[in-house]
Structures are given as structure tokens and as C-alpha cells.
Amino acid sequence: MLDLERLRALHSVATYGSVSAAADVLHVTTSAVSQQLAKLERETGQKLLERNGRGVRLTDAAELLVAHAERILSLVEQAQADLEAHRGSVVGQLAVAAFPTAIRGLMPAALHGLRGDHPDLRVLLREEDPMRSMPLVLRGDYDMAVVQDWNNEPLPLPEGLHKGVICEDVADVALPDAHDLAGRDTIDLKELAGDPWISSSQDSICCDWLIRTLRAIDSEPNIDHMAYEFATQLSLVAAGLGNAILPRLGRCDVPPGVAVVPLSAPLARRVYAVWREEAARRPAIRAVVAALRAAVPAGPPAIAGIPG
């Protein structure tokens, strides 16, 4: 009979590309993975790995076995979820990836609530951009990801993932306070066509969205400065170096020299939790989604430095 952990080791090598990478993901030594694979070769009577330069490659027999292993591991995860659902217990470990403002604006309150309500659940939190985190959920690196999309650009949901809406997060525009429109009650985005902009890091979901949004109003993006954290972007805005789109969730303090003005045609991003469909019945999944929804701030933060 094939051993489940040995199949998991082979599947990890196939997924992550090397024995050492598989060992890192499985939290064991490289030697332990090699031993598991050697035992699996003896069990199957087939050679599974071949030398390929400094690395290894899977044989045809290994590729065949990996395809079966993927289905077997999926069924095991589904069985575990069904058992947890049967007893109704919020237990075990859940690895969660989230984008930075969700970590700042939602996760502290959500994790605090989970610790009190479900002490037998251990949540492991890591920061990831949504463009990276969803494939990692599909691959099994994470059990859940907190991701975002925008009302003018929905995020495609890969096959095999389920999602639950957490909240809607309205965005405003941050301008240098010397900008001609800084004193307005609202601004049409088209009025800022041709202005310099400050964006999140290149290839992040927010940078891609800003470029496409500006092009949709016939404004070729003029982005000289990129920074992942909104606090850094606001410092650049305060220095008069450009405008930035500023969501309200987890908003940091707005420094002097910056005016935050609502858009007349509001832009909003939707925040979701996503998880593999095999794990959909896990009470732990439902508990984390509920905790995230409970952690959503009750009202919008202050605009343009005025207490709300």
C-alpha cells in the first residue's frame, strides 16, 4: 500500500521543483525527503527521480504517480474538513495570507476575537500581494487568502477556489496641499489627467489597477515613484511629488502637507477571503470569515484631517 506522507513528499517535489524546496515547505530536512522518496521507489518498484544537471527531474512513472497523489491529497483534505464539520469544532491550524492594509486594518481585531472565541484554532498569518497569494492557496501553501479587487476591475477567481465577501473599501485621492484642487469637496478623476502619480510597487495588483484606471479616462499614467506602503506614498505626496489613490481600510495618519479628497464617482475595492473548495466545510474557515467581517470598522475614517 502506498504511504500518504511519501506521496506528499513526491507531490511537493513536483510542485516546488526541487527536493530542498519541498523540504522547506514540509518543514523537514532535505535528507528526510530523500529518504521518503527512496522508500516510495522501493514500494512502487519504479525509479521516480533522475539527475538533471545540479537538480532532479521526475520520471514518467513519477509524473503518473503525482497526478494520482494530487487527487488523493485533495480527498484527504476534504475528508478532514468533513470530519471537522461533523463534530462542529473550530480546531487545528489555518495558514492565512493577506495584503498589507488588510493585515493592518482587519487582522489584529479578527485574530484577537478568534483567540478568545476559539482557543484551539491556531492561525498563521503572512503578508502577500493578492496576485501571488491566490495561486499559493490553490497550491496548498496557504489555507486562505484575504484579497481585493476594484469595482471597475473584478478579480478573476481561479477554478477550485471559493470566496466570501468581507467588506467594501472606498478610496479617496491624496493630493499635495498646494494642488489647485486640494480644497475641493470632491474631485472627478478626469480632472487629474496628466498629473504625476505615486503608486504601489510594480507588478502589484494596485499598480496594475491604477495604470488601467488612468488609461480608461484617456490619461497615460505618469508614475515616477513607487512604494508598497501607503505611509511611504503619503510622505511622497506631502513632498509635492504626485497624487496617490488612498483606500480607507487601515489608513495610517495623514501627514501635514496632504489633502485627502473624495472622488465624485467613487472608486471602491472589495475585500474577499478565498479558500480551496475541498476545505469549504471546515468550521475554521467559517470562523475566520466571520471574525474578519466582525473586524470591519464601523464607519469611515476622517477625511482631509477632519475628525469623523
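Remember, it's a predicted structure, so these values are computed and weren't measured experimentally.

S.K.: Please give an account of the overall build of the protein chain that cites residues and values.
M.R.: When its secondary structure is counted, the protein chain shows 10 helices and 11 strands. Viewed in the frame of its principal axes, the protein chain has a C-alpha envelope of about 75 × 50 × 30 Å. Across the 308 residues of the protein chain, 44% fall into the buried class. Within the protein chain, residue pairs in contact and separated by at least 24 positions form 73% of the contacts whose partners lie at least 6 positions apart. Summed over all atoms, the accessible surface of the protein chain reaches about 15600 Å², with 51% contributed by carbon and sulfur. For the protein chain, the centre of its 30 positive side-chain charges and the centre of its 40 negative side-chain charges are spaced 7 Å apart.

S.K.: Any details on the domain arrangement of the protein chain? Residues and values, ideally.
M.R.: Per the domain assignment, the segments making up the protein chain are domain 1 (4–85), domain 2 (94–167 + 271–295) and domain 3 (168–269). Each of domain 2 and domain 3 has a C-alpha centre, and these two points are 26 Å apart. Between domain 2 and domain 3, roughly 1900 Å² of surface is buried when both sides are summed, and carbon and sulfur atoms account for 57% of that area. When the buried surface of domain 2 facing domain 3 is broken down by residue, R104, W150 and E153 rank first, second and third, together holding 33% of it. Linking E229 and R104 is a salt bridge whose minimum nitrogen-to-oxygen distance equals 3.3 Å. At the boundary of domain 2 and domain 3, one finds four residue pairs in polar contact (both at pLDDT 80 or more). Listed by contribution, the elements that provide at least two residues to the side of domain 2 that touches domain 3 are α5 (100–105), α7 (130–139) and β5 (144–150).

S.K.: Describe the environment of S235, naming the residues involved and giving the relevant values.
M.R.: Looking at the element boundaries, S235 is found in helix α9 (residues 230–238). Separated by 21 residues in the primary sequence, S235 and P256 have C-alpha atoms spaced 9.0 Å apart.

S.K.: Which residues make up the packing of helix α1 (residues 4–16) against helix α2 (residues 19–26), and what values go with them?
M.R.: Geometrically, a packed helix pair is captured by the angle between its two axes and the distance between the axes. Taken N-terminus to C-terminus, the directions of α1 and α2 make an angle of 115°; their axes are 8 Å apart at the nearest point. As for the relative orientation of α1 and α2, their crossing is right-handed in sense. Side by side, α1 and α2 meet where R8, A9, S12, V13 and Y16 of the first sit next to V19, A21, A22, V25 and L26 of the second. Among the residues forming the contact of α1 with α2, the class breakdown is eight nonpolar, one polar and one charged.

S.K.: Just give me the short version of the pairing of strand β10 (residues 258–261), but keep the residues and values in it.
M.R.: Residues V258 and V260 point to one face of β10 and A259 and V261 to the other, with burial holding for every one of them. Sheet topology note: the strand β6 (residues 161–176)/β10 ladder contains four bridges and is antiparallel. Across the sheet, the residue bridging to A174 is V260, located in β10.

Rules behind the numbers
- Residues numbered from 1 in each chain as written.
- Predicted model: local features only at pLDDT ≥ 70, side-chain atom pairs only at ≥ 80, totals over all residues.
- Heavy atoms only, no water.
- Helix = DSSP H or I, 4+ residues; strand = E, 2+ residues; numbered from the N terminus.
- Buried < 20%, exposed > 50% of the residue type's maximum accessible area, 1.4 Å probe, protein only.
- Contact = heavy atoms within 4.5 Å.
- Areas by Shrake-Rupley, 256 points an atom, 1.4 Å probe, with all protein chains shown as cover.
- Lys, Arg positive; Asp, Glu negative; His and termini not counted.
- Charge placed at Lys NZ, Arg CZ, Asp CG, Glu CD.
- Domains from an automatic or database assignment.
- Buried area = accessible area lost by both parts, 1.4 Å probe.
- Salt bridge = Lys/Arg side-chain N within 4 Å of Asp/Glu carboxyl O.
- Polar contact = N/O pair within 3.5 Å; in protein donor to acceptor, adjacent residues only side chain to side chain.
- Axes fitted to C-alpha atoms, helices over the stretch in contact; angles between N-to-C directions.
- Left-handed = near helix turned anticlockwise from the far one by under 90°.
- Nonpolar A, V, L, I, M, F, W, Y, C, P; charged D, E, K, R; others polar.
- Pairing = 2+ DSSP bridges.

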